[in-house]
Amino acid sequence: MKTLDLIDSFSEFKEFKNIDRETLMHILEEVFRAALAKRYGTEENFDIIVNIDKGDLEIFRNRTIVEDDNLEDENLEIAYSEAIKIEADFEVGEELSEPIYMSDFGRREILAIRQNLVSKIQDYEKSLIFQKYKEKVGEIIVGEVYQPWNKEVLIVDEEKIELVLPKSEQIPSDRFRKGDTVRAVVLKVEMKNNNPVIVLSRTSPIFLERLLEAEVPEIYDGLITIRNIVRIPGERAKIAVESYDDRIDPVGSCVGIKGARIHGIVRELRNENIDVINYTPRLDVLVQRALAPAKIHSQSVDEENKMIHVYMEPDQVSLAIGKGGCNIKLASKLVGYEIEVYRTGDEDTDDVALKDFSDEIDQWIIDVLIKIGCDTAKSVLAMSKEDLINRTDLEEETIDDVIRILKYEFEDGESESENED
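Since this is a predicted model, take the numbers as computed values, not measurements.

About the thresholds
- Residues numbered from 1 in each chain as written.
- Predicted model: local features only at pLDDT ≥ 70, side-chain atom pairs only at ≥ 80, totals over all residues.
- Heavy atoms only, no water.
- Helix = DSSP H or I, 4+ residues; strand = E, 2+ residues; numbered from the N terminus.
- Buried < 20%, exposed > 50% of the residue type's maximum accessible area, 1.4 Å probe, protein only.
- Contact = heavy atoms within 4.5 Å.
- Areas by Shrake-Rupley, 256 points an atom, 1.4 Å probe, with all protein chains shown as cover.
- Lys, Arg positive; Asp, Glu negative; His and termini not counted.
- Charge placed at Lys NZ, Arg CZ, Asp CG, Glu CD.
- Phe/Tyr/Trp six-rings, centres within 6.5 Å; stacked < 30°, edge-to-face > 60°.
- Lys NZ or Arg CZ within 6 Å of the ring centre and 35° of its normal.
- Pairing = 2+ DSSP bridges.
- Axes fitted to C-alpha atoms, helices over the stretch in contact; angles between N-to-C directions.
- 1 Å grid on protein atoms, 1.4 Å probe; cavity = no way out; pocket = protein on both sides within 12 Å on 5 of 7 lines; lining within 4 Å.
- Points joined across faces, edges and corners; volume = space filled by probe spheres on them.
- Nonpolar A, V, L, I, M, F, W, Y, C, P; charged D, E, K, R; others polar.
- Disulfide = S-S within 2.5 Å.
- Polar contact = N/O pair within 3.5 Å; in protein donor to acceptor, adjacent residues only side chain to side chain.
- Arc of directions from axis to C-beta.
- Core = buried A, V, L, I, M, F, W, Y, C linked by side-chain atoms within 4.5 Å.

Considering the overall build of the protein chain
So, point 1. Scanning the protein chain from terminus to terminus reveals 15 helices and 15 strands.
So, point 2. A principal-axis box enclosing the C-alpha atoms of the protein chain has dimensions of 135 × 55 × 45 Å.
So, point 3. Burial status across the protein chain gives 41% buried among its 421 residues.
So, point 4. Partitioning the intrachain contacts of the protein chain with sequence separation of at least 6 by distance along the chain shows that 57% fall at a separation of at least 24.
So, point 5. Summing over all exposed atoms, the protein chain offers an accessible surface of approximately 24,100 Å²; the carbon and sulfur share of this is 45%.
So, point 6. Here the protein chain contributes 54 positive and 92 negative side-chain charges, whose respective centroids are spaced 6 Å apart.

Pasting the structure below:
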């Protein structure tokens with residue numbers, strides 16, 4: 001073999017690794033220069049010619065012709081007596097170029113060259129994937145489920161690049177089967193053990209933001225600004241939007257005629273309820289909108305502790321709290337203050353404030369009950385034990401103790417009344 005005709009034999013890497021031919025040539029040259037440096041001690045006096053059109057590679061070693069007695073380095077110099085065997089009219093001081101053939105390399109060297117080439121191509125491909133998806137962080141991509149597992153789902157894009165959707169980044173009601181099409185946002189890209197790991201998310205607020213941009217042209221064009229998005233994935237989301245153009249209704253534009261725009265997003269998010277509210281810099285108004293549909297009687301702000309105390313009629317408390325405390329949690333995140341709800345207008349003078357039981361009930365338990373709108377003894381007793389457990393996430397034994405203590409307060413009061421009679 002008179003030339004190192006290796007390009008075609010390695011064309012498989014170009015096809016499967018998506019590396020262009022010119023880049024492959026550069027990698028080949030780099031690999032062979034490393035092999036030459038190892039074999040001869042240096043590669044500076046070698047010319048490597050890569051012919052892209054013909055698809056071959058040639059190597060020439062350049063040596064200076066010296067007198068036989070002056071030969072010091074056989075790699076850089078060649079004796080005159082040897083040079084004239086190649087061409088009779090050579091003279092001392094001229095440069096001789098000799099081709100290096102495949103047969104000049106041993107079997108182990110050829111194997112090492114191939115392994116080095118494979119490694120270089122793989123590293124280059126990994127670098128390409130990393131850079132490509134690093135630029136896509138925060139963008140929505142569409143992929144196909146390749147393998148669903150318990151802790152994560154393996155997804156491939158149109159170029160068969162592997163992506164990961166962890167369980168923690170899936171909507172609780174997501175159920176994927178092999179071959180399903182999945183939309184998700186690129187959450188992060190990192191290198192682990194020299195391999196790019198692309199992590200997707202369907203629970204990130206950024207995913208909802210990108211879906212809105214796709215469905216609402218006014219957001220994409222910058223006419224409507226999203227001020228904040230908070231989510232409990234699969235349950236509920238709240239979005240604060242505003243427009244600097246008085247002619248544009250930001251809420252109406254996001255929802256669309258008969259909810260046409262928002263319905264597509266709701267379906268993508270597994271029927272997640274989405275509340276779109278008009279942003280305002282006035283905190284009191286923003287709190288009112290965030291707690292809708294509940295109506296607020298009054299409110300006070302504790303700036304030092306970043307808390308807002310909201311007072312409302314008893315029949316509005318459950319609306320403000322929402323299922324499992326969902327509404328008030330999201331409202332708090334949206335406005336940036338911890339919101340506590342208190343009942344007002346309760347005419348039952350025999351009721352006792354829950355905070356008065358701090359000697360018998362731990363303060364943290366009282367705080368949990370107040371957060372779900374139960375700030376008095378009777379408001380706690382009015383709820384079923386199951387409802388209390390579901391809303392507070394307290395253990396059953398703890399709820400039983402609270403109910404027992406509160407009931408005893410009223411039973412004790414009734415006994416005293418009977419004795420007086």
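What about the packing of aromatic side chains?
So, point 1. Throughout the structure, instances matching the rule amount to 2 aromatic pairs.
So, point 2. Aromatic pair Tyr40 and Phe46: ring centres 5.1 Å apart, planes at 40°, arrangement tilted.
So, point 3. Judged by relative accessible area, which is 1%, Phe46 ranks as buried.
So, point 4. If you follow Arg227 out to its NZ or CZ, it ends over the ring of Tyr279, 4.2 Å from the centre.
So, point 5. Lying across the ring of Tyr337, Lys306 places its NZ or CZ 4.0 Å from the centre.

Considerations on the sheet that holds strand S10 (residues 224–232)
So, point 1. Taken in spatial order, the 3 strands of this open sheet run S10-S11-S12, and their pairing is mixed. Two strands in the sheet have a free side with no partner beyond their single neighbour: S10 and strand S12 (273–278). Within this sheet the neighbouring strands show an average axis-to-axis angle of 20°, counted without direction.
So, point 2. Here 8 bridges tie S10 to strand S11 (residues 236–243), and the two strands are oriented antiparallel to one another. Counted as the bridge partner of Ile232 is Arg236 from S11.
So, point 3. Against the sheet, helix H11 (residues 326–335) engages S10, S11 and S12, with an angle of about 35° to S11.

Re the pairing of strand S9 (residues 195–201)
So, point 1. Counting buried positions along S9 yields 5 of 7 residues, so the element is predominantly enclosed.
So, point 2. Linking two consecutive strands that pair antiparallel, namely strand S8 (residues 181–192) and S9, is a turn of 2 residues; a positive phi of about 55° is found at Asn193 within it.

Some remarks on the layout of surface pockets
So, point 1. Its boundaries defined by the atoms lining it, the second largest pocket holds a volume of some 290 Å³.
So, point 2. Lining the second largest pocket are 16 residues, with Gly324, Gly325, Ile328, Lys329 and Lys371 sitting closest to its centre.
So, point 3. With 4 residues, the top contributor of residues to the lining of the second largest pocket is H11.
So, point 4. Residues of the lining of the second largest pocket, tallied by class, amount to 5 nonpolar, 5 polar and 6 charged.

Concerning the state of the cysteines
So, point 1. One pass over the structure, following the stated rule, counts 0 disulfides.
So, point 2. With no disulfide of its own, Cys254 lies closest to Cys326 among cysteine sulfurs, the gap being 20 Å.

As for the environment of Leu76
So, point 1. Residue placement: Leu76 occurs in the loop between strand S2 (56–66) and strand S3 (77–79).
So, point 2. Once the C-alpha coordinates of Leu76 and Glu44 are considered, the two residues, 32 residues apart in sequence, prove to be 9.5 Å apart.
So, point 3. Look past the residues within four positions of Leu76 in its chain and what remains in contact with it is Thr42, Asn45, Asn62, Arg63 and Thr64.

With respect to the environment of Tyr342
So, point 1. With respect to the helices and strands, Tyr342 occurs in strand S15 (residues 338–343).
So, point 2. Of the residues examined, Tyr342 reaches a relative accessible area of 16% and is grouped as buried.
So, point 3. Along the backbone, Tyr342 and Leu200 are 142 residues apart, and their C-alpha atoms lie at a distance of 40 Å.
So, point 4. Those residues in contact with Tyr342, other than ones at most four positions away along the chain, are His309, Val310, Tyr311, Met312, Ile370 and Asp375.
So, point 5. Side-chain polar atoms of Tyr342 contact the side chain of Glu340, separated by 2.5 Å.

Notes on helix H8 (residues 260–268)
So, point 1. Every buried residue of H8 is listed here: Ile262, Ile265, Val266 and Glu268. End-on, the buried residues of H8 take up no more than an arc of 160°, which puts them together on one face. For H8, the exposed residues set more than 90 degrees away from the buried face come down to Ala260 and Arg267.
So, point 2. Residues of H8 that are buried sit in contact with S8, helix H5 (205–215), helix H7 (250–255) and S12.
So, point 3. After H8 finishes, the residue Arg270 shows a positive phi value of roughly 60°.

Topic: the nonpolar core
So, point 1. Counting residues in each nonpolar core, the largest one holds 46 residues, and the members touching the most others are Leu291, Met312, Ile339 and Leu369.
So, point 2. Among the nonpolar cores identified, the runner-up in size contains 22 residues, and Ile226, Ile229, Ala237 and Ile265 belong to it.

Here we look at the sheet that holds strand S13 (residues 298–302)
So, point 1. Strand order in this open sheet of 3 strands is S13-S14-S15, and the pairing throughout is mixed. Strand pairing shows two members of the sheet lacking a second neighbour, S13 and S15, which therefore form its edges. Ignoring which end each strand starts from, the neighbouring axes of this sheet average 20° apart.
So, point 2. Where S13 meets strand S14 (residues 307–312), 5 bridges bridge the pair, whose relative direction is antiparallel. When the bridges of S14 are listed, Gln299 appears paired with Val310.

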